[in-house]
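The residues making up each chain are set out below.
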Amino acid sequence: MKRIQALVVAGALCGGTALAKDEPNMRGLTVTVGGGVEGYSRGLAPRIDPGAAYGATATLKPSRVFGIELGYTGALNKIDRRGTEDLVGNPDIIRNGGQAVATIGLTASPIQPYILGGIGINRYNVRRGAEALGYRDDTAGAVPLGAGLRFYTGTFTADLRANYNLLFDQQLVPSLPPAENQPISDVTFASGSSYNATLNLGATF
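About the criteria used
Residues numbered from 1 in each chain as written. Predicted model: local features only at pLDDT ≥ 70, side-chain atom pairs only at ≥ 80, totals over all residues. Heavy atoms only, no water. pLDDT = per-residue confidence, 0-100. Contact = heavy atoms within 4.5 Å. Pairing = 2+ DSSP bridges. Helix = DSSP H or I, 4+ residues; strand = E, 2+ residues; numbered from the N terminus. Axes fitted to C-alpha atoms, helices over the stretch in contact; angles between N-to-C directions. Salt bridge = Lys/Arg side-chain N within 4 Å of Asp/Glu carboxyl O. Buried < 20%, exposed > 50% of the residue type's maximum accessible area, 1.4 Å probe, protein only.

*Asks:* Sorry if this is basic, but what is going on with the confidence of the model for the chain here?
*Replies:* Note: predicted coordinates in regions of low pLDDT should not be interpreted at a detailed level. Averaged over all residues, the pLDDT of the chain equals 86, while 80% of them reach at least 70. With pLDDT under 50 throughout, residues 7-20 is counted as low confidence; its partners more than four residues away or in other chains account for zero contacts.

Below, the structure is given as structure tokens:
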């Protein structure tokens, strides 16, 4: 009987150890890279086409539900040429930026929906004749707001998210082409925000 009890205890310990090894790592430092699509809304939407988005993030999670994230984000968007095909070649906008974001999980489970919010800054560089249409290089702030779904298994992490970025202090796209030698202070710039959806893959340490 004692031998049977010992075998049962040993089996329970081994089973517990196996479960502990299989339990997903949802705390610590998570590093991910990924990509997706980025576009613009309101007055910017008809002027800038949706394009490729990409980035990398490092997230510190002291608990299973709360995280602080620092990330690099970038995008490449073509400028809509309708009506200006004879004036420019193939203009586009390169965006490089950084952001600090807080994430809050809505559950503590390995499949975890979450919400996010934070602050960011972006540098926009216009290329390939975009200047001829009145576009200009610019630095602008952003307030990213969004939601996502994380999946944890072992140390592997997958993160699918969608952001709506409230842009402020942006002077990238003129509402109308500026007149020759018009002071920049007299130019009215189109208002709008940006959105993106990305899939990010990585690991938690």
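*Asks:* Sorry if this is basic, but what is going on with the sheet that holds strand β7 (residues 156-168) here?
*Replies:* Strands pair in a sheet through their backbones, by hydrogen bonds, and they do so in one of two ways: parallel or antiparallel. Spatial ordering of the closed barrel is given by β1-β2-β3-β4-β5-β6-β7-β8, a layout of eight strands whose pairing is antiparallel. With strand direction ignored, the average angle separating the axes of adjacent strands in the sheet is 25°. Inspection of the sheet shows strand β5 (residues 111-127) paired to strand β6 (residues 138-153) by twelve bridges, in the antiparallel sense. Paired with Pro 113 across the strands is Leu 149, a residue of β6.

*Asks:* How should I be thinking about the pattern of salt bridges in this particular structure?
*Replies:* It is possible for side chains of opposite charge to pair when their charged atoms get near one another. One pass over the structure, following the stated rule, counts seven salt bridges. Between Arg 95 and Glu 38 there is a salt bridge, and its shortest N-O distance comes to 2.9 Å. Here the residue Arg 95 occupies a position in strand β4 (residues 92-105), and Glu 38 occupies one in strand β1 (residues 28-40), the gap between them amounting to 57 residues. Owing to a relative accessible area of 6%, Arg 95 belongs among the buried residues under this scheme. We classify Glu 38 as buried; its relative accessible area is 1%. Put simply, Arg 161 and Asp 159 hold a salt bridge, and the shortest N to O gap is 3.4 Å.

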